[in-house]
Amino acid sequence: MVMEEKTITPKIAPDELARIMGGRKGRILSSSVRKTVETWNEKIDDLIEPHVSYVKKPIRSVDRGGVHLGDDTYFKSPKIAKTLKDCSEVVCFIATIDHGVEEEVHGLMDENRLSDAYILDSMGSVAVENMVNQFHERMEKKYKKEGKSVTLRFSPGYCDWQISEQKKLFNLFDQEEVAVELRDDSCLMAPRKSVSGVFGVLPYDHGESIAFYNPCGECGNIHCIARRAENGINDNQDKSTH
Ligand code: SF4
């Protein structure tokens, strides 16, 4: 197994923060929230240790129910299978901003500073999501130079991919090297501000952005919080861990 690593500095865009906090597209942060965000913006760099680990795996075959990798791993998800059906390999990643933000949030809650805690927690969620988006885009650019392209990304626990499949994803990594632990009982990650997932690599350049095939376009699950718009951007009200 060859595990590779990247350090990517996350950005916290105000519109992403407004969406995660407000639940509606186009919402603007109130001036008091903006002030609190500015205060934490000056401190958050010291709380974040960004880290992305990833492995590339050849795809052996894809059937209607899921994706077989070159080893014994089978990711069970019809929607991932349909998205990755023409892919030659899959990139599996685990990204985190480490424990700093959540420890600070706990401290704020202990001091009953609930508003600060909520805002900082949301900033941490936006940061890790932004870091993964940057990673995905950088990999897309890298593959484009090789005449290849990438698919949308998927995370265990979203779409039709069960959270229990997280174990299969983590088994592809050297547990000693990766900066994130998996809680056996719940399959949740520690640090909490972490995102894991996969995306496929197509052996040709499809000439479009990442959203070449988007299963959301033909999905009737109207209440899905992970729904993505036509351009592949998450169109939900809470994109904290997707
Ligand atoms: S709306 Fe999209 S993310 Fe949600 S279940 Fe359907 S295909 Fe999956």
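Residues numbered from 1 in each chain as written. Predicted model: local features only at pLDDT ≥ 70, side-chain atom pairs only at ≥ 80, totals over all residues.

Caption draft 1: Spotlight on the site of the ligand. In the vicinity of the ligand, the residues found are Lys-79, Cys-159, Asp-160, Pro-215, Cys-216, Cys-219, Asn-221, Cys-224, Ala-226 and Arg-227. Taken together, the residues of the shell around the ligand sort by class into six nonpolar, one polar and three charged. (Near = placed C-beta within 6 Å. Nonpolar A, V, L, I, M, F, W, Y, C, P; charged D, E, K, R; others polar.)

Caption draft 2: Broad picture of the nonpolar core. Judged by nonpolar contacts, the single largest core of 53 residues is most densely connected at Val-90, Val-91, Cys-92, Phe-93, Ala-95, Met-123 and Met-131. Sorting elements by how many residues they give to this core places helix α5 (residues 114-145) first, with ten residues. Aside from chain neighbours lying at most four places away, what touches Met-123 is Ile-12, Leu-17, Val-37, Trp-40 and Ile-44. (Core = buried A, V, L, I, M, F, W, Y, C linked by C-beta atoms within 7 Å. Buried ≥ 20, exposed ≤ 12 C-beta atoms within 10 Å, placed from the backbone. Helix = DSSP H or I, 4+ residues; strand = E, 2+ residues; numbered from the N terminus. Contact = placed C-beta atoms within 7 Å.)

Caption draft 3: Spotlight on the environment of Glu-5. The topology assignment puts Glu-5 in strand β1 (residues 3-6). On the neighbour-count criterion, Glu-5 (11 C-beta atoms within 10 Å) is exposed. If we skip the residues at most four places from it in the chain, Glu-5 touches His-51, Val-52 and Ser-53.

Caption draft 4: Summary view of helix α1 (residues 14-22). Buried within α1 we find Glu-16, Leu-17, Ala-18, Arg-19, Ile-20 and Met-21. Its buried side turned inward, α1 meets α2 (31-44) and α5.

Caption draft 5: Structural view of the confidence of the model for the protein. Model confidence for the protein is summarised by a mean pLDDT of 88, while 91% of its residues fall at 70 or above. Overall, residues 236-242 carries pLDDT values under 50, and its contacts beyond four positions in sequence, including any with other chains, amount to 19 contacts. (pLDDT = per-residue confidence, 0-100.)

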